[in-house]
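What the coordinates show
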Amino acid sequence: MPCRRPPRCPAALVSYETPKALVVRSGVVGGAHRALQLLVLAYFLGWVFLHEKAYQVRDSVIESSVVTKVKGVGRYAGRVLDTADYVTPPQGTSVFVVVTKQILTENQVQSVCPENEAAFRCSSDHDCHRPSPTLGSGLLTGRCVPYNRTLRTCEMRGWCPPEEDTVDAPVMLEAENFTLFIKNSIRFPLFGFEKANLPPPGSGTRLGRCRFHPEREPLCPILRLGDIARLAGHDFATLATTGAVLGIKIAWVCDLDRGAERCLPRYSFTRLDGLGHAPASGYNFRHARYYRWPDGTERRTLTKAFGIRFDVLVYGSAGKFAIVPTLVNAVAALTSIGLGTVLCDIILLNFLEGAERYKAHKFEEVPAPGEPVPHGSPTAAGTHGQCCSNTASPAP
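Here the structure is a predicted model, which is why all the values come from computation and not from measurement.

**What about the overall build of the protein chain?**
A count of helices and strands for the protein chain gives eight helices and 15 strands. When each of the 396 residues of the protein chain is scored for burial, the buried share is 34%. For the protein chain, the proportion of contacts with a sequence separation of at least 24, taken over those separated by at least 6, is 67%. Summed over its atoms, the accessible surface of the protein chain is roughly 24,500 Å², and 56% of this surface lies on carbon and sulfur atoms.

**Some words on the pairing of strand β15 (residues 298-321)**
In summary, the side chains of a regular strand alternate between the two faces of the sheet. With 17 of 24 residues buried, β15 is to be regarded as a mostly interior element. Pairing between strand β1 (residues 56-59) and β15: four bridges, direction antiparallel. Looking at β15, one finds that R58 is bridged to G319. Summarising the sheet, strand β6 (residues 95-114) and β15 pair through twelve bridges and their orientation is antiparallel. Bridged to T105 within β15 is L302. In the sheet, strand β12 (residues 244-255) pairs with β15 via twelve bridges, with the strands oriented parallel. What sits directly across from D255, in β15, is G319. Judged from the nine bridges that link them, strand β14 (residues 284-292) and β15 form a sheet pairing that is antiparallel. When the bridges of β15 are listed, R286 appears paired with K304. Turn length for the β14-β15 hairpin, with the two strands adjacent in sequence and antiparallel, is five residues, and the turn residue G296 shows positive phi of about 95 degrees.

**A look at the state of the cysteines**
Applying the stated criterion across every chain yields a total of five disulfides. Each disulfide pairs two cysteine sulfurs, and for C122 the partner residue is C144, the sulfurs being separated by 2.0 Å. Taking the sign of the S-S torsion, about 95 degrees here, the bridge from C122 to C144 comes out right-handed. Highlighted residues: C122 in the loop between β6 and β7 (138-146) and C144 in strand β7, separated in sequence by 22 residues.

**Side note on unusual backbone geometry**
The omega angle of the peptide bond from T88 to P89 is -5 degrees, so this bond is cis rather than trans. Of the consecutive residues C160 and P161, the connecting peptide bond is found in the cis state with omega at -5 degrees. Although it is not a glycine, A77 sits at a positive phi angle of roughly 50 degrees. Position of A77 among the secondary structure elements: in the loop between β3 (74-76) and β4 (79-81).

**Here we look at the environment of E163**
Structurally, E163 can be placed in the loop between β8 (152-160) and β9 (179-188). Taking the C-alpha atoms as reference, E163 lies 7.3 Å from S137; in sequence the two are 26 residues apart. When neighbours within four sequence positions are excluded, E163 is seen to be in contact with T105, Q108, N116, S137, R286, L302 and K304. Looking at E163, its side chain comes within polar contact range of the side chain of R286, at 3.0 Å.

**Let's talk about the pattern of salt bridges**
Scanning the model with the defined rule gives eleven salt bridges in all. When the shortest N-O distance is used, the salt bridge between R187 and E63 registers 3.3 Å. Taken together, the residues R187 in strand β9 and E63 in strand β2 (residues 63-71) connect sequence positions 124 residues apart. Judged by its relative accessible area of 29%, R187 is partly exposed. Relative accessible area serves as the criterion here: at 39%, E63 is assigned to the partly exposed category. Two residues, R271 and D273, come together in a salt bridge whose shortest N-O distance is 2.6 Å. Looking at R271, the relative accessible area reads 14%, which means it is buried. The network of salt bridges with common partners includes E163, D165, R286 and K304.

**Some details on helix α1 (residues 27-51)**
Between the first and last C-alpha of α1 there are 33 Å, a value that for 25 residues agrees with the 36 Å anticipated at 1.5 Å per step. All buried positions along α1 are accounted for by V29, H33, Q37, F44, V48 and F49. Buried-residue contacts for α1 involve α5 (323-337) and α6 (339-350).

**Quick notes on the packing of aromatic side chains**
One pass over the full model with this rule turns up nine aromatic pairs. For the ring pair Y43 and F44, a centre distance of 5.3 Å and an interplane angle of 85 degrees mean the geometry is edge-to-face. Geometrically, the ring pair formed by F96 and F310 is stacked, given 5.4 Å between the ring centres and 25 degrees between the ring planes. Within this pair, whereas F96 is found in strand β6, its partner F310 is found in strand β15, the two being separated by 214 residues in sequence.

**Considerations on the nonpolar core**
Ranked by size, the top nonpolar core spans 44 residues in total, and within it Y86, I228 and F310 carry the most contacts. Counting only elements with at least two residues in this core, the list comes to β2, β6, β9, α3 (225-231), α4 (236-242), β12, β13 (266-271) and β15. In terms of residues, this core owes the most to one element, β12, which gives six residues. Not counting chain neighbours up to four residues away, the residues in contact with F310 comprise S94, V95, F96, V98, L225, I228, L246 and I248.

Rules behind the numbers
- Residues numbered from 1 in each chain as written.
- Predicted model: local features only at pLDDT ≥ 70, side-chain atom pairs only at ≥ 80, totals over all residues.
- Heavy atoms only, no water.
- Helix = DSSP H or I, 4+ residues; strand = E, 2+ residues; numbered from the N terminus.
- Buried < 20%, exposed > 50% of the residue type's maximum accessible area, 1.4 Å probe, protein only.
- Contact = heavy atoms within 4.5 Å.
- Areas by Shrake-Rupley, 256 points an atom, 1.4 Å probe, with all protein chains shown as cover.
- Pairing = 2+ DSSP bridges.
- Disulfide = S-S within 2.5 Å.
- Polar contact = N/O pair within 3.5 Å; in protein donor to acceptor, adjacent residues only side chain to side chain.
- Salt bridge = Lys/Arg side-chain N within 4 Å of Asp/Glu carboxyl O.
- Expected span 1.5 Å × (residues − 1).
- Phe/Tyr/Trp six-rings, centres within 6.5 Å; stacked < 30°, edge-to-face > 60°.
- Core = buried A, V, L, I, M, F, W, Y, C linked by side-chain atoms within 4.5 Å.

See below:
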């Protein structure tokens, strides 16, 4: 029986749409369709599969061990220094400092003495009651005492005499020719793959005599300190004067499908503490050496050390072929190719001349068995989206 159009017919809930092949001989739409298909195919083949290697399963959890050793002997303030004097900490870790300049304050003892900073100049005891938990060399006693014949400063209790860190000090420029040996072992736990940055046998690199060079000796693990500063874009003498923090980055990006021997480290260098004109740039720290005086009092030598801190940073990932990501990305590629058809349908049915005629051929409503068949062939322009026809003809 014919349907009597209710306000909202639920027929759309039980309707089924099946694709209908419609051949349209249009150079514009046909050319756009092929171009979109080729563009999507080139993207998946060129970028997704070849560049990003989407056919691989990747392990970015890298386990790393770094051991360092600095070698070199230099002169400083009339003394000859070796690695035990200028390298700290001495354990050979991935973060260490090569001290290039030192300001010494010797024979300090616990006592009271006048401060030597301009911020603590005073004219009376009233000026010395300002709390200074972070300024100065000790705790203020509240007294204004003579510093010299013409100057008075606040008295403090602490290690005396206080530090004079504005004096000129020499720089150990010989450190530019010191060498750094880096032994780096890595492991990718997902694949159970292990490798070290030592030159492989047959590579032509003789460990102990080689020096790292980004082109001639890219696999040599022995680096000259001056070359590290230069490759980071800075002058070694300037860094040795003010101190700095340099990063030595070792990248392990491995394609295990090409063989373990092709998994090699790549070195790069950068400065981590900002440029020289940045606030609080440079690097320095203080440490003290304690000893007993003959009278039994404890004394110390305070050292303000300037130097270059080296941070060895290791990162990387490894990939290997796996069937699951290959199938997932292959299905995604085939699905994406169909987007060209959707876009061309939008152009064909809405923007080209004769769009209504294309709609009439593309969309057609077929009634269920036993329902009256409308006279002729209804098109989507008049019937698509309706639950029933406006008019019905008796069944033949």
